[in-house]
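# Survey of secondary and tertiary structure
Residue-level listing of the chains:
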Amino acid sequence: MSAPRIEWVVPAAGATDRHAIWKKAGAIGLLALACALPWVSSDYSLFQYSQVYSYAIALLGLNILTGYNGQISLGHGAFYAVGGYTTAILIERWGIGYGWTLPVSGVLCFATGFLFGLPALRLAGTYLALATFALALSVPQILKHFDRWTGGTQGMTVPKPDSPPILHLNPDQWLYFLTLAVLLGLMIIAWNLLRGRIGRAIIAIRDHPVAAEAMGVHNALYKSLCFGLSASYTGIAGSLAALSVGFVSPDSFSALLSITLLAGVVVGGLASISGAILGAIFVQFMPNAALQISKAAPWAIYGASLILCMYVMPGGAAGLLQHLWQRLSRLLS
Amino acid sequence: MEGFLQQIVSGLAAGGIYGAFALALVMTYLATSTVNFAQGEMAMFATFVAWGLIQSGVPYWLAFFATLVLSFLGGVAIERVILRPLESAPVLSITIVTIGLLAIFNSMAGWLFGYTIRTFPSPFPQSPLKLAGVVVSPHSLGSLGVTLALIGLLYVFFRYTSLGLAMRAAARYPMASRLVGIRVGWMLALGWGLAAMIGSVSGMLIAPVLFLEPNMMEGILIYAFASATLGGFTSPAGAVVGGFLVGIIENLSGTYIRFIGTDLKLTVALAIIVLVLIFKPSGLFGRTQPHHT
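In this text the structure is predicted, and so the values were computed from the model without any measurement.

### Observations concerning the overall build of chain B
Within chain B one finds 11 helices and two strands. Each helix (α) and strand (β) of chain B, taken in turn from the N terminus, gives the series α-α-α-α-β-β-α-α-α-α-α-α-α. Taken against the 2.2 N^0.38 rule, which gives 19 Å for 293 residues, the C-alpha radius of gyration of chain B at 19 Å falls within 12% of a compact globule. For the C-alpha atoms alone, the extent of chain B along its principal axes is close to 60 × 50 × 35 Å. Relative to its 293 residues, chain B shows a buried fraction of 50%. Counting contacts in chain B only where the partners sit at least 6 residues apart, residues at least 24 apart contribute 75% of the total.

Written out as structure tokens, the structure reads:
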């Protein structure tokens with residue numbers, strides 16, 4: 001049986017792009033739009049957009065692992081939980097400023113991810129999906145068990161941070177900008193990391209592990225590092241989400257979260273940084289959209305849309321957009 | 001000592017159920033080299049179908065076998081209609097599709113049958129038996145018998161029938177099998193059908209113990225994963241033995257290790273999976289499969 005190939009959406013590194021200027025203009029336009037949103041939308045929709053950005057950070061992390069490194073994880077909800085609870089515990093129990101909890105989450109999740117990645121290294125495809133799925137399923141139980149720290153089933157409230165006084169923003173607007181800024185920063189880091197030597201090594205491991213090893217890439221180390229980095233992104237996302245929701249509880253980190261994160265990565269587009277944002281929109285809004293279509297069986301709609309996505313856009317939304325863009329530019333030139 | 005024996009027996013009873021369900025996972029894996037994350041929900045849905053039949057006055061065993069036939073047809077249909085177009089798609093796409101199926105079945109069961117917890121009848125006598133000071137429920141003994149019978153039938157089917165041989169060949173050497181005239185695609189579909197059927201058996205055995213509701217398989221799925229991993233994803237008999245071991249480990253650790261108790265039981269399953277994957281990734285009875293490129 002010939003090994004199935006994925007149509008990965010990989011931007012050709014270093015290739016001259018005639019439309020680069022349009023892409024840049026588009027990105028700046030989108031950013032301007034994102035900055036204008038707080039003055040035109042309600043607090044609730046602003047909260048939803050902050051959630052989209054948190055999910056986008058998590059999906060970016062998961063995409064580094066699944067899209068670029070080819071390792072499937074159905075357990076990233078666990079790192080989202082570690083991030084969220086780190087923030088909650090640091091603020092509530094130890095009185096540490098919320099800003100400091102983000103790097104702490106990042107470091108902590110990097111360590112847990114790296115450690116979990118070490119045994120997970122040996123597992124290919126489905127087996128890794130299984131092991132990580134077991135992680136996802138046991139997270140709520142573990143959180144409930146250590147109730148002295150986590151508050152058990154009741155969960156913990158996280159106070160909403162106020163904006164710095166000079167900015168005159170309400171808490172929702174401030175969190176919106178904070179999340180957006182963190183997202184942009186992490187996107188730039190991911191972008192640079194993946195275009196350089198490390199990124200090439202990570203992608204080489206995905207495409208041909210033996211050849212990568214022969215070229216001097218330390219597969220085991222890079223795979224674990226990749227797991228750690230991915231977990232770290234997801235942990236920071238979890239922290240930000242905990243701040244904007246203002247509450248963490250074991251049931252908000254069920255296995256369903258891990259499943260929707262993986263679904264978001266695939267729907268958004270594997271190995272695509274912009275795909276993370278498109279996927280995050282799917283993760284945040286699809287459940288509600290499904291509920292609007294059918295009150296009786298919303299998850300059936302969700303599942304069906306997921307399967308449909310696999311048929312009509314195997315490269316995800318980002319792959320589809322890129323395809324359309326190429327068509328369009330061919331028509332114009 | 002009696003307490004210890006009792007825990008072993010309860011462990012075996014639970015393990016028989018995990019084993020039956022692990023068998024379904026292994027069937028899908030053997031036939032298609034993928035793990036079906038929707039297996040549990042398919043089994044749950046089939047059990048609801050059986051429940052519906054019994055409610056409308058069909059005798060238990062007739063409903064049982066009718067459900068088996070329906071599940072088999074359903075499994076074949078899902079493979080043919082939904083998975084067939086993705087035949088050469090990567091593992092990730094197939095994983096996502098089975099997750100989509102999981103959501104669909106769960107939601108449809110809730111919509112069609114409701115979320116209220118229902119009792120499901122057991123075909124075996126109710127009054128518990130006492131053997132050498134240990135209490136055994138006839139239902140556990142019966143489930144054990146059904147699981148063992150199932151394994152026996154599967155063994156005979158795969159070992160002594162030409163269809164079974166063709167299925168094994170199609171899974172291991174698809175290219176060569178196609179050359180000798182085996183219809184590989186249909187063999188995959190048959191594998192899905194068989195797996196769905198075995199899953200529905202395990203669902204109907206579990207339901208009297210756990211009560212019937214759309215989310216009943218959630219916990220079972222992870223134990224069955226642990227069983228299949230421990231026994232080896234390539235070995236049907238291994239999966240059943242793995243089921244017994246997981247059942248016993250779960251009960252003993254829950255009783256004798258204070259720290260674990262009842263609220264970290266799923267974590268035990270996680271630990272088993274991770275440990276097996278670290279030390280013996282192919283499981284106790286599994287074969288390491290060579291990489292085909």
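Let us keep going from here.
### Side note on the overall build of chain A
On a plain count of helices and strands, chain A comes out with 14 helices and two strands. The C-alpha extent of chain A, read off along each of the three principal axes, is 55 × 45 × 45 Å. Out of the 333 residues belonging to chain A, those deemed buried represent 49%. When contacts within chain A are restricted to residue pairs at least 6 apart in sequence, long-range pairs at least 24 apart make up 77% of them.

### Looking at the interface of chain A and chain B
Listed as interface residues are 38 residues of chain A and, on the opposing side, 42 residues of chain B. Ranked by the residues each element gives to the side of chain A that touches chain B, the list is headed by helix H5 (residues 125-145) of chain A, at 14 residues. A breakdown of the residues in the side of chain A that touches chain B according to their chemical character gives 30 nonpolar, six polar and two charged.

### What to know about the nonpolar core
In this structure, Ala56, Ile57 and Ala134 of chain A together with Phe21, Leu23 and Ile273 of chain B are the most contacted members of the largest nonpolar core, which totals 198 residues. Residue contributions to this core peak at 17 residues, all from helix H1 (residues 2-32) of chain B. Not counting the four nearest positions on each side in its chain, Phe21 of chain B is found in contact with Ala43, Gly199, Ser202, Ile220 and Ala224 of chain B.

### Section: the packing of helix H2 (residues 43-68) of chain A against helix H7 (residues 171-195) of chain A
All names here are of chain A. As a packed pair, H2 and H7 sit with axes 9 Å apart at the nearest point and diverge in direction by 20 degrees. Considering the angle they form, H2 stands roughly parallel to H7. Crossing hand, H2 versus H7: left-handed. Across the interface between the two elements, Asp43, Leu46, Phe47, Tyr49, Ser50, Tyr53, Ser54, Ala56, Ile57, Leu60, Ile64 and Tyr68 of H2 pack against Asp172, Gln173, Leu175, Tyr176, Thr179, Leu180, Val182, Leu183, Leu186, Met187, Ala190 and Leu194 of H7. In the contact of H2 with H7, the residues fall into 18 nonpolar, four polar and two charged.

### Some remarks on the environment of Ser305 of chain A
Positionally, Ser305 of chain A belongs in helix H13 (residues 298-312). In sequence terms Ser305 of chain A and Pro161 of chain A are 144 residues apart; their C-alpha atoms lie 37 Å from each other.

### Section: helix H11 (residues 265-279) of chain B
The terminal C-alpha atoms of H11 of chain B, which comprises 15 residues, lie 21 Å apart, in line with the 21 Å expected from a rise of 1.5 Å per residue. For H11 of chain B, the full list of buried residues reads Leu266, Val268, Ala269, Leu270, Ile272, Ile273, Val276 and Leu277 of chain B.

### Quick look at the environment of Val156 of chain B
Examined against the element boundaries, Val156 of chain B turns out to sit in helix H5 (residues 138-160). Through-space distance from the C-alpha of Val156 of chain B to that of Met204 of chain B is 23 Å; in sequence the pair is 48 residues apart.

### So, the confidence of the model for chain A
Averaged over all residues, the pLDDT of chain A equals 81, while 94% of them reach at least 70. Predicted confidence is poor over residues 1-7 of chain A, with pLDDT under 50, and the contacts of this stretch with residues over four places away or in other chains come to 10 contacts.

### Here we look at unusual backbone geometry
The backbone phi angle of Ala271 of chain A is positive, close to 50 degrees, even though this residue is not glycine. Among the structural elements, Ala271 of chain A can be located in the loop between helix H11 (255-268) and helix H12 (273-293).

### Considering the packing of H11 of chain A against H12 of chain A
Residue and element names in this part refer to chain A. Relative orientation of the contacting elements H11 and H12 amounts to 130 degrees, with a least axis distance of 7 Å. The orientation of H11 with respect to H12, classified from their angle, is oblique. In terms of crossing hand, the pair formed by H11 and H12 is right-handed. Of H12, the residues touching H11 (which contributes Thr260, Leu261, Gly264, Val265, Val267 and Gly268) are Gly275, Ala276, Leu278, Gly279, Ala280, Phe282 and Val283.

### A word on the confidence of the model for chain B
Residues and elements named next belong to chain B. The share of residues in chain B with pLDDT of 70 or more is 95%, and the mean pLDDT across the chain is 83. Across chain B, the secondary-structure element scoring lowest on mean pLDDT is strand S1 (residues 129-131), at 73, and the one scoring highest is helix H3 (residues 60-83), at 91. On the interface metric, ipTM, the complex scores 0.79, and its pTM is 0.82.

### Comments concerning helix H8 (residues 184-210) of chain B
All names here are of chain B. In this model, H8 (27 residues) spans 38 Å end to end at C-alpha, consistent with the 39 Å of a helix rising 1.5 Å per residue. Judged by how many residues are buried, H8 sits mostly within the fold: 22 of 27 residues are covered. At the C-terminal side of H8, Phe211 shows a positive phi close to 75 degrees.

### Concerning the environment of Trp174 of chain A
Tracing the backbone through its elements, the reader meets Trp174 of chain A in helix H7. For the pair Trp174 of chain A and Ser50 of chain A, spaced 124 residues apart in the sequence, the C-alpha separation amounts to 10.0 Å.

Basis of the calculations
- Residues numbered from 1 in each chain as written.
- Chains lettered and ligands numbered in written order.
- Predicted model: local features only at pLDDT ≥ 70, side-chain atom pairs only at ≥ 80, totals over all residues.
- Helix = DSSP H or I, 4+ residues; strand = E, 2+ residues; numbered from the N terminus.
- Rg over C-alpha atoms; globule rule 2.2 N^0.38 Å.
- Buried ≥ 20, exposed ≤ 12 C-beta atoms within 10 Å, placed from the backbone.
- Contact = placed C-beta atoms within 7 Å.
- Nonpolar A, V, L, I, M, F, W, Y, C, P; charged D, E, K, R; others polar.
- Core = buried A, V, L, I, M, F, W, Y, C linked by C-beta atoms within 7 Å.
- Axes fitted to C-alpha atoms, helices over the stretch in contact; angles between N-to-C directions.
- Parallel < 35°, antiparallel > 145°, perpendicular 65-115°, else oblique.
- Left-handed = near helix turned anticlockwise from the far one by under 90°.
- Expected span 1.5 Å × (residues − 1).
- pLDDT = per-residue confidence, 0-100.

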